[in-house]
Amino acid sequence: MFPDDSVHSIISPSSWWEEAETENLERGCLIYAFIPHVDQVPYTIKPVGRSQAERHDSAKLNIAPLRMKDRRTKEDLPVAAMALHDGELWTAYRAKKRPCLVLGSDFPAVNDKLRRDMPKKSTAPTVIVAPYYGSDQDGTRAGYNPELVERIRHAEYPQFFWDKLPIYGPKESILRLDHIQPVGTQFNSYELAKYRLSENAMELMDDLLQWLIWGGVPTDSLILDYRKEIESTFG
């Protein structure tokens, strides 16, 4: 399934992905979630008038680019479905359903007594994920430059990781570790893909995370041996 010049070759490729029967959000699981496009200009949504004067549950909306330097004004128009607290505003992002790798999920639950008199959002549980993007240039997606894909497969960049996912979709995918973000644990926030990384694969992924965040992999990491082999073969 994996080529000899991929990081997967230093681990048994057949055990890179494993079927997962768990219904829990666990580290290493492959899930689906709606992920916003990071490079887009966000928009803000403002109610500018009611669709019917006597109704408070519907309104006419104005959608405009959201700029950090724009002056914020409190909206006085009461729309029940769009109530805001001080300092808040409504935003809109384009998002796409993508496969994601769960990198962190085992967070201690906050005791109910400690959450008393606090809004739920203050301690709402999340998991930390990194999204996959299809690298194929097949006419349906922009994909990635093949030369860049080869360099990513050879582990030249800490923010990218080349992979083949055991699910329907692109033949090859790029994991964006620099797009790590939280996803809520509510049942309608994600969907399990029924696969997970093996223990050895997850250890290697942790080495990549250390490289990304702290600037280098552990001295005993298999990635170092892999890079030496790639450099001797490809220069």
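These figures come from a predicted structure and were not determined experimentally. (Residues numbered from 1 in each chain as written. Predicted model: local features only at pLDDT ≥ 70, side-chain atom pairs only at ≥ 80, totals over all residues. Heavy atoms only, no water.)

Let's talk about unusual backbone geometry
- Backbone geometry at Ala155 places phi at a positive 60°, although glycine is not the residue there.
- Since its relative accessible area comes to 6%, Ala155 is described here as buried. (Buried < 20%, exposed > 50% of the residue type's maximum accessible area, 1.4 Å probe, protein only.)

Quick look at the side chain of Arg227
- Its location among the elements puts Arg227 in helix α3 (residues 222-234).
- Here Arg227 falls in the buried class, since its relative accessible area comes to 18%.
- Sequence-distant contacts of Arg227, defined by excluding residues within four places in its chain, comprise His154, Ala155 and Glu156. (Helix = DSSP H or I, 4+ residues; strand = E, 2+ residues; numbered from the N terminus. Contact = heavy atoms within 4.5 Å.)

Regarding the nonpolar core
- Membership of the largest hydrophobic core comes to 48 residues, with the highest contact counts inside it found for Trp16, Trp17, Ile31 and Met205.
- Setting aside residues up to four positions removed in sequence, Trp16 forms contacts with Phe2, His8, Ile11, Phe161, Asp163, Arg196, Leu197, Ser198, Ala201, Leu204 and Met205. (Core = buried A, V, L, I, M, F, W, Y, C linked by side-chain atoms within 4.5 Å.)

Quick look at the pattern of salt bridges
- According to the stated counting rule, one finds 10 salt bridges in the structure shown.
- For Arg153, the salt bridge is made with Asp5, and the minimal N-O distance between the two is 3.1 Å. One end of the pair, Arg153, is in helix α1 (residues 146-153); the other, Asp5, is in the segment before β1 (17-19), with 148 residues separating them in the sequence.
- You can call Asp5 buried: its relative accessible area is 15%. (Salt bridge = Lys/Arg side-chain N within 4 Å of Asp/Glu carboxyl O.)

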